[in-house]
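Given next are the chains, with one letter for each unit.
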Amino acid sequence: MNIQRIEAGPRLSEAVIHQNTVYLTGQVADEGCGPDIYTQTQQVLASIDRILSLCGSDKSHVLSATIWLTNMDTFADMNRAWQEWVVPGHTPARATVHSARLAGPEYGVEIKVIAAQA
């Protein structure tokens, strides 16, 4: 069984690849990102793009996504950034859920994806 770990750290790997499937850890925006969920979501999606590229994949190969929001009133702003990012005709299965809090109070959105390798 071949398992490849990308950017492995002491607590987690940014991604794990097994049998041509890429599992990303939940991604959050850069520190000091501010309260704007649209901007946070753009930063998260850029991070996802970077990690998928390291794994030999891209956003057109995303199979599923789970999105956590600390405030469901920001759903439209998150969704606007998502719709600008996602590849038409290649939209993944997706769930968006409310979370009382994420890893830090500055984070309003976290996204985790599973993708196929290209």
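Since this is a predicted model, take the numbers as computed values, not measurements.

Draft legend 1. Molecular detail of the packing of helix α1 (residues 37–54) against helix α2 (residues 75–85). In the contact formed by α1 and α2, the axes pass within 8 Å of each other and the chain directions differ by 35°. Once α1 is placed against α2, the crossing between them reads as right-handed. Between α1 and α2, the contacting residues are Ile 37, Tyr 38, Thr 41, Gln 42, Leu 45, Ile 48 and Asp 49 on the first element and Asp 77, Met 78, Arg 80, Ala 81, Trp 82, Glu 84 and Trp 85 on the second. Its residues assigned to classes, the contact of α1 with α2 shows eight nonpolar, two polar and four charged.

Draft legend 2. Geometry of α1. Between its first and last C-alpha, α1 extends 26 Å over 18 residues, near the 26 Å set by a 1.5 Å rise per residue. For α1, the full list of buried residues reads Ile 37, Tyr 38, Gln 40, Thr 41, Val 44, Leu 45, Ser 47, Ile 48, Ile 51 and Leu 52. Looking at the buried residues of α1, the elements they touch are β2 (13–18), β3 (21–24), β4 (62–69), α2 and β6 (109–116). The opening residue of α1, the one whose side-chain oxygen lies 2.9 Å from the backbone nitrogen of Tyr 38, is Asp 36. Positive backbone phi, approximately 75°, marks Gly 56, located one or two places after α1.

Quick notes on the rules
Starting from 1, residues in each chain are numbered consecutively following that chain's sequence as written. In keeping with the model being predicted, local features are shown solely for residues with a pLDDT of at least 70 and side-chain atom pairs are shown and tallied solely at 80 or more, while totals for entire chains, interfaces and linings include all residues. Water and hydrogen atoms were dropped before computing side-chain values, which therefore reflect all heavy atoms in the structure. Convention adopted: a line fitted to C-alpha atoms gives each axis, helices being fitted over their contacting stretch, and angles between N-to-C directions are expressed from 0 to 180 degrees. Runs of H or I in DSSP of at least four residues are treated as helices and runs of E of at least two as strands, each being numbered from the N terminus. In this scheme, a crossing is called left-handed if the near helix is turned counterclockwise away from the far one by less than a right angle; it is called right-handed if the turn is clockwise. Contacts between residues were defined by any pair of non-hydrogen atoms, one from each residue, lying within 4.5 Å. Think of it as three bins: nonpolar holds Ala, Val, Leu, Ile, Met, Phe, Trp, Tyr, Cys and Pro, charged holds Asp, Glu, Lys and Arg, and polar takes everything else, Gly as well. Multiplying 1.5 Å by the residue count of a helix minus one yields the expected span of that helix. Summary of the burial criterion: residues with accessible area below 20% of their type's maximum are buried, those above 50% are exposed, and those between are partly exposed, where the area comes from a 1.4 Å probe applied to protein chains only. Distance and chemistry together define a polar contact, namely a pair of N or O atoms within 3.5 Å, with one atom able to donate a hydrogen and the other to accept it when in protein, and with adjacent residues in sequence counting only for side-chain atoms on both sides.

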